[in-house]
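# Overview (structure and organization)
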Amino acid sequence: MAIYICTKHLFTKFSGCAVWPFIFLKTETLKNNKVFLNHEKIHLRQQLELLIVPFYSWYALEFCIHLIRLKSKDKAYRAISFEREAYANENNLSYLKQRSFWAFLRF
């Protein structure tokens, strides 16, 4: 179960982010956006599987590698395996019920 925290002060470019066990939201209305919340809940599951701190290390390392390779922050962000899994499955609201362990490795 995620804990939702609404704060417009943390974000300028993003609508929200998952930091286990919290989902930080830029606006209160995002609490009603099932697709957005599903995307963030996929990240919470990834964080639990990697025991949280290694998730952030892996995420940062992938971002840096893709940034060097692609020379674009947005493209680097979109190339991260965790983001590719979340974007590919955010519309499938039952995805987390059927998701296999470490599914991000397929992305």
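A brief structural summary. Small disclaimer: the values here were computed from a predicted structure and weren't measured. (Residues numbered from 1 in each chain as written. Predicted model: local features only at pLDDT ≥ 70, side-chain atom pairs only at ≥ 80, totals over all residues. Heavy atoms only, no water.)

## Some details on the packing of aromatic side chains
- Scanning the entire structure with this criterion turns up 13 aromatic pairs.
- Their ring planes at 5 degrees and their centres at 6.2 Å tell us that tyrosine 59 and phenylalanine 82 sit as a pair that is stacked. Taken together, the positions of tyrosine 59 in helix α2 (residues 53-70) and phenylalanine 82 in helix α4 (residues 81-89) put the pair 23 residues apart, joining distant regions of the chain.
- Each ring, one from tyrosine 77 and one from tyrosine 87, has its centre 6.1 Å from the other, and the planes form 85 degrees; the classification is edge-to-face. With tyrosine 77 in helix α3 (residues 73-79) and tyrosine 87 in helix α4, the pair connects residues that are 10 residues apart, well separated along the chain.
- Residue class for tyrosine 87 comes out partly exposed when judged on its relative accessible area of 27%.
- In textbook terms, an aromatic cluster arises when at least three aromatic residues are bridged by ring pairs, as seen for Phe55, Tyr56, Trp58, Tyr59, Phe82, Phe101, Trp102 and Phe104. (Phe/Tyr/Trp six-rings, centres within 6.5 Å; stacked < 30°, edge-to-face > 60°. Helix = DSSP H or I, 4+ residues; strand = E, 2+ residues; numbered from the N terminus. Buried < 20%, exposed > 50% of the residue type's maximum accessible area, 1.4 Å probe, protein only.)

## Points about α2
- In a regular helix each residue adds 1.5 Å, so 18 residues correspond to 26 Å; α2 covers 25 Å between its end C-alpha atoms and thus fits that length.
- Of all the residues in α2, the buried ones are Phe55, Glu62 and His66. Relative to the axis of α2, the buried residues are bounded by an arc of 40 degrees and lie together on one face. Residues Val53, Leu61 and Ile68 are exposed on α2 and point more than 90 degrees away from its buried face.
- Backbone geometry just after α2 places lysine 71 at a positive phi near 55 degrees. (Expected span 1.5 Å × (residues − 1). Arc of directions from axis to C-beta.)

## Considering the side chain of glutamate 85
- Mapped onto the elements, glutamate 85 comes out in helix α4.
- Once residues lying within four places of it in the same chain are set aside, the contact partners of glutamate 85 are Ile42, Gln46, Tyr95, Arg99, Ala103, Phe104 and Phe107. (Contact = heavy atoms within 4.5 Å.)

## Things to note about the environment of isoleucine 68
- Looking at where isoleucine 68 falls in the secondary structure, it is placed in helix α2.
- Judged by its relative accessible area of 64%, isoleucine 68 falls in the exposed class.
- Counting along the chain gives 10 residues from isoleucine 68 to arginine 78, while the straight-line C-alpha distance between them is 14 Å.

## Some remarks on unusual backbone geometry
- Each neighbour pair has its own omega, and for tryptophan 20 with proline 21 the value is 0 degrees, a cis peptide bond.
- Phi is positive for leucine 51, close to 65 degrees, though the residue is something other than glycine.
- As for its placement among the helices and strands, leucine 51 is situated in the loop between α1 (34-49) and α2.
- Look at tryptophan 102: it is not a glycine, yet its phi comes out positive at around 55 degrees.
- Positionally, tryptophan 102 belongs in the segment after α5 (95-98).
- Given a relative accessible area of 31%, tryptophan 102 falls into the partly exposed group.

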